[in-house]
Amino acid sequence: MATQIAWHEFEWGYDAAHVRSVEGLSTGRGVSVDRNADKEGEPATQTVALDLVTLSFSYTLMLAAGCSPRAEYEAINECLGVHAPLYLNGSRLLANEMMLKSVDASDWLLDGNGRPVSVKVSVKFEEYAEDASGLKLNKVERAGALRPGVQLQPERQSALDVGATASQKASRSPANEQMRGW
């Protein structure tokens, strides 16, 4: 089987007997910054936390593709709240464990007897993180403060110090052998 995504006891991908193709895969993560102003002589504080990783995708279950739409929808629906590692193309994705947060079914196609022939299932996962007491967290605290994306230059003492040093200039300028004789 060509597995696109694997989680818990479920696999999405292609196989000779089944087709569960992943569509519309999206993932996200953000940073939350909480700044507290100076209070009665205490220094201002800044707390940086990473929002939990989210992942969502949809797939279509079809009777013609070897799937049982109703049985497979009911099976994934029973796993709401379950957390397990999620693997994308064989390697673990971003977070240690992902929890199944929601399952939605749409575009039901029924045959003449009311049996499902195909259904589009959308699933949403969220990173599962616990604190020391075992409670689920909403955010993951970050060890350090925010880091700038640019390298900081050392502080200059006078206007004459601004610019590259002599050693930096020498390392950047190419030696022109033709000009040595002048």
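Keep in mind the model is a prediction, meaning the values are calculated, not measured.

Conventions and cut-offs
- Residue numbers run consecutively from 1 along every chain, following the written order of its sequence.
- Per-residue local features of the predicted model are confined to residues with pLDDT of at least 70, and side-chain atom pairs are confined, for both listing and counting, to 80 or more; whole-chain, interface and lining totals are unaffected and use all residues.
- Here the side-chain values reflect all heavy atoms present in the structure, with hydrogen atoms and water set aside.
- What counts as a helix is a DSSP run of H or I of at least four residues, what counts as a strand is a run of E of at least two, and both are numbered from the N terminus.
- Residues count as neighbours in contact if any of their non-hydrogen atoms are within 4.5 Å of one another.
- Method for areas: the Shrake-Rupley scheme with a 1.4 Å probe, in which residue coverage is limited to the protein chains shown.
- Confidence scores per residue from the predictor, reported as pLDDT, run from 0 to 100.
- The pairing criterion is simple: DSSP has to find at least two bridges between the two strands.
- Using a 1.4 Å probe on the protein chains alone, a residue whose accessible area is under 20% of its type maximum counts as buried, one over 50% counts as exposed, and one in between counts as partly exposed.
- Polar contacts, as counted here, are pairs of nitrogen or oxygen atoms within 3.5 Å of one another; within protein the pair requires one atom able to donate a hydrogen and one able to accept it, and residues that are adjacent in sequence qualify only if both atoms are side-chain atoms.
- Directions pointing from the helix axis toward each C-beta atom define the arc.
- Only the stretch in contact is used when a helix axis is fitted, and all axes are lines through C-alpha atoms; the angle between N-to-C directions ranges over 0 to 180 degrees.

**Student:** I'd like a rundown of the overall build of the chain, residues and numbers included.
**Tutor:** Each helix and strand in the chain was counted, giving 2 helices and 13 strands. In the chain, 58% of the contacts between residues at least 6 apart in sequence involve partners at least 24 apart. Carbon together with sulfur atoms contributes 51% to the accessible area of the chain, which is approximately 12500 Å² in total.

**Student:** Go over the confidence of the model for the chain with me, naming the residues and quoting the values.
**Tutor:** Averaged over every residue, the pLDDT of the chain is 81; the share at 70 or more is 76%. Across residues 145-152, confidence stays below pLDDT 50; counting only partners more than four residues off in sequence or on other chains, it has 8 contacts.

**Student:** Help me get a handle on the sheet that holds strand β10 (residues 91-92), residues and values and all.
**Tutor:** What holds strands together in a sheet is hydrogen bonding between their backbones, with the strands either parallel or antiparallel. Read across the open sheet, the 5 strands follow the order β3-β2-β1-β9-β10; overall the sheet is antiparallel. Two strands lie at the open edges of the sheet, namely β3 (19-20) and β10, each paired on one side alone. Here 2 bridges tie strand β9 (residues 86-88) to β10, and the two strands are oriented antiparallel to one another. The residue of β10 that forms the bridge with Y87 is R92.

**Student:** Explain the environment of A64 residue by residue, including any values.
**Tutor:** You can see A64 is positioned in the loop between β7 (54-62) and α1 (69-77). A64 sits 54 residues away from S118 along the chain, and the two C-alpha atoms are 8.4 Å apart.

**Student:** Lay out the environment of Y87 in plain terms, naming residues and giving numbers.
**Tutor:** By the element assignment, Y87 lies in strand β9. Owing to a relative accessible area of 30%, Y87 belongs among the partly exposed residues under this scheme. Y87 has contacts with Q4, I5, A6 and R92, leaving out every residue within four places of it along the chain. Within the structure, the side chain of Y87 is placed 3.1 Å from the side chain of R92, a separation counted as a polar contact.

**Student:** Report on α1, specifying residues and quantitative values.
**Tutor:** Those residues of α1 that sit buried are P69, E72, Y73 and I76. Down the axis, α1 shows its buried residues gathered within 100 degrees of arc, on one side only.

**Student:** Outline the sheet that holds β7, listing residues and values.
**Tutor:** One open sheet holds the 5 strands; their spatial order is β4-β7-β12-β11-β8, and the pairing between them is antiparallel. With one partner strand each, in any of the chains shown, β4 (22-28) and β8 (83-84) form the two edges of the open sheet. Bridge count for β8 against strand β11 (residues 98-110) is 2 bridges, and the pairing is antiparallel. Bridge pairing in β11 places H83 opposite M99. Running over the sheet, α1 touches β7, β11 and β12 (116-127) and is turned about 15 degrees from β12.

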